[in-house]
Amino acid sequence: TEIIIISVTPGTFHVTMNGGTTTATAPTMPVVGGSGGSITASVINSLTVGISEAPTAPVAPTAPTTGTVLTSPIAANQTVNGTIQIQGTTTSTAGGALTITSNLGDIVVSGSLTTNDFGAAQQDLNLNAPNGTVYITGSLFTTGQDGTNTGDAGGNVSISARQIVLTGTIDARGEDGSGGTRNGGSVALNASTGNIYIINGTVRTGGGSAETPAGSGGFVSFNGGNEQFIFGTID
């Protein structure tokens, strides 16, 4: 593991661990301020602290444009051997969690996919491409924010593939309002052997607003088999 702390402009990176100052004066003893804190960094490879160039985003892999196009609304779980295309405005009427699997190809979401609204919570979504890449260039919506402000919870999103590319949006926010839990859904991205690319993409898992209590934000987890390039927004 390598930890790099980057300061692009000289003098802008500081670590201050001072304790508090004392208000005591002699002859009150001891005249001693509070202890400072400590900082610990444990690495296997190298630790770099100082002036450096800001990292630049890599070019995200290009999604394929052919494959099996899923028809809206999606009424049941889908399993296809080849590449799956989700284009245009696609919704779900399936029950339970919606699972879409490409056994041998990729999954490309270039349009929008909105999961089913179960009332108190939005439908969970699982995208699986164990031998390919999941590309989200459009939008995944498991958010409960349908404009009614009834406090619906957001659905959970789980994406598992060899590689994951997110240049679009995953929105799993909880809904505002006094009913329901208002909690945001969790988002888990798991790349088994390849990279995770979040290039200008957005992940949103915020909780909904209410007088008391407001909703909790959803858990976010990125597990890459190789490298993770995060040059987007995690909200």
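See the structure printed just above.
Calculation criteria
Residues numbered from 1 in each chain as written. Predicted model: local features only at pLDDT ≥ 70, side-chain atom pairs only at ≥ 80, totals over all residues. Heavy atoms only, no water. Salt bridge = Lys/Arg side-chain N within 4 Å of Asp/Glu carboxyl O. Buried < 20%, exposed > 50% of the residue type's maximum accessible area, 1.4 Å probe, protein only. Helix = DSSP H or I, 4+ residues; strand = E, 2+ residues; numbered from the N terminus. Core = buried A, V, L, I, M, F, W, Y, C linked by side-chain atoms within 4.5 Å. Contact = heavy atoms within 4.5 Å. Phe/Tyr/Trp six-rings, centres within 6.5 Å; stacked < 30°, edge-to-face > 60°.

A.B. asks: Teacher, can you tell me more about the pattern of salt bridges here?
C.D. replies: A pair can form between side chains of opposite charge whenever their charged atoms are brought close. In this structure the tally under the stated criterion is 2 salt bridges. Residues arginine 173 and aspartate 171 are paired through a salt bridge, measuring 2.9 Å at the closest nitrogen-oxygen approach. The exposure class of arginine 173 is buried, given its relative accessible area of 19%. Put simply, arginine 204 and aspartate 235 hold a salt bridge, and the shortest N to O gap is 3.6 Å. Taken together, the residues arginine 204 in strand β15 (residues 196–204) and aspartate 235 in the segment after β17 (228–234) connect sequence positions 31 residues apart. A relative accessible area of 27% places arginine 204 in the partly exposed class.

A.B. asks: Explanation requested: the nonpolar core in the structure shown.
C.D. replies: For soluble globular proteins, nonpolar side chains are generally found buried alongside one another. The biggest cluster of nonpolar side chains holds 31 residues, and the ones touching the most others in it are Ile100, Leu127, Leu140, Ile159 and Leu189. Those elements that provide at least two residues to this core are β5 (84–86), β7 (98–102), β8 (107–109), β10 (125–136), β12 (157–166), β14 (187–191) and β15. Leave out the neighbours within four places in its chain, and leucine 189 touches Ile159, Ile164, Ile170, Ile196, Ile198, Ser221, Phe222 and Asn223. Formed by 7 residues, the second largest nonpolar core is a distinct cluster that contains Val108, Val165, Ile199 and Phe229.

A.B. asks: How should I be thinking about the packing of aromatic side chains in this particular structure?
C.D. replies: Here a ring pair, both rings aromatic, is described through the centre-centre distance and the interplanar angle of the planes. Tallied over the entire structure, the rule returns 1 aromatic pair. Between tyrosine 197 and phenylalanine 229, the ring centres sit 5.3 Å apart and the planes meet at 20°, which makes this aromatic pair stacked. With a gap of 32 residues between them, tyrosine 197 in strand β15 and phenylalanine 229 in strand β17 connect regions that are remote in the sequence. When sorted by exposure, tyrosine 197 lands in the same class as phenylalanine 229, which is buried.

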